[in-house]
Amino acid sequence: MYGALIQLNKDYLVESFNKEGVEFNSLPKEIQQFWMYSSFNAGAGNATKLLKAYGSDPFKNPDFVKRIEMYHKEEGSSNLGEWMENVGRVVGGTELTNLY
């Protein structure tokens, strides 16, 4: 069931990325996973807002990184920080499982 939901979120993302002029399937696998789990975790609409605000690789956007760093310093002051913490757990867990 979760696999189908992740694929559905990927389908939504491909469309959103196309509208922004970015080919989703050409992104590195790790970035695609970040986006799929971001969409799965908070919804495709929120993932699209994140894309529009910070670009296809938000970790290269200083404003995004600053907001995430502030979240960790201020313990839960940002919905974005909490969301990304959840995404990080899933993506990190997936990467570790793949290595194993």
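Just so it is clear, the model here is predicted, and its values are computed rather than measured.

What follows is about the overall build of the protein chain. Along its length, the protein chain carries five helices and zero strands. Within the protein chain, counting contacts between residues at least 6 apart in sequence, those at least 24 apart form 53% of the total. Only carbon and sulfur atoms are counted for the fraction: they give 53% of the accessible area of the protein chain, which is about 6,300 Å².

In this section: the nonpolar core. One finds Trp35, Leu50, Leu80 and Met84 to be the most contacted residues of the largest nonpolar core, which totals 21 residues. Of all the secondary structure elements, the ones that give two or more residues to this core are helix H1 (2-19), helix H2 (29-42), helix H3 (44-54), helix H4 (62-74) and helix H5 (79-99). Among all residues touching Met84, those that are not within four sequence positions of it are Phe34, Ser38, Leu50, Phe64 and Ile68.

What follows covers the packing of H2 against H3. Interaxial distance between H2 and H3 falls to 6 Å at its minimum, and their mutual angle equals 130°. The angle between the axes of H2 and H3 places the two elements in the oblique class. Across from Phe34, Trp35, Ser39 and Ala42 in H2, the residues of H3 making contact are Ala44, Asn46, Ala47, Leu50 and Leu51. Of the residues belonging to the contact of H2 with H3, the class tally is seven nonpolar, two polar and no charged.

Here we come to H3. If you check which residues of H3 are buried, you get Ala44, Ala47, Thr48, Leu50, Leu51 and Tyr54. Projected onto a plane normal to the axis of H3, the buried residues spread over an arc of 155° and lie on a single side. In H3, the exposed positions angled more than 90 degrees off the buried face are occupied by Lys49 and Lys52. Phi for Gly55, located one or two positions after H3, is positive at around 90°.

Criteria and cut-off values
Residues numbered from 1 in each chain as written. Predicted model: local features only at pLDDT ≥ 70, side-chain atom pairs only at ≥ 80, totals over all residues. Heavy atoms only, no water. Helix = DSSP H or I, 4+ residues; strand = E, 2+ residues; numbered from the N terminus. Contact = heavy atoms within 4.5 Å. Areas by Shrake-Rupley, 256 points an atom, 1.4 Å probe, with all protein chains shown as cover. Core = buried A, V, L, I, M, F, W, Y, C linked by side-chain atoms within 4.5 Å. Buried < 20%, exposed > 50% of the residue type's maximum accessible area, 1.4 Å probe, protein only. Axes fitted to C-alpha atoms, helices over the stretch in contact; angles between N-to-C directions. Parallel < 35°, antiparallel > 145°, perpendicular 65-115°, else oblique. Nonpolar A, V, L, I, M, F, W, Y, C, P; charged D, E, K, R; others polar. Arc of directions from axis to C-beta.

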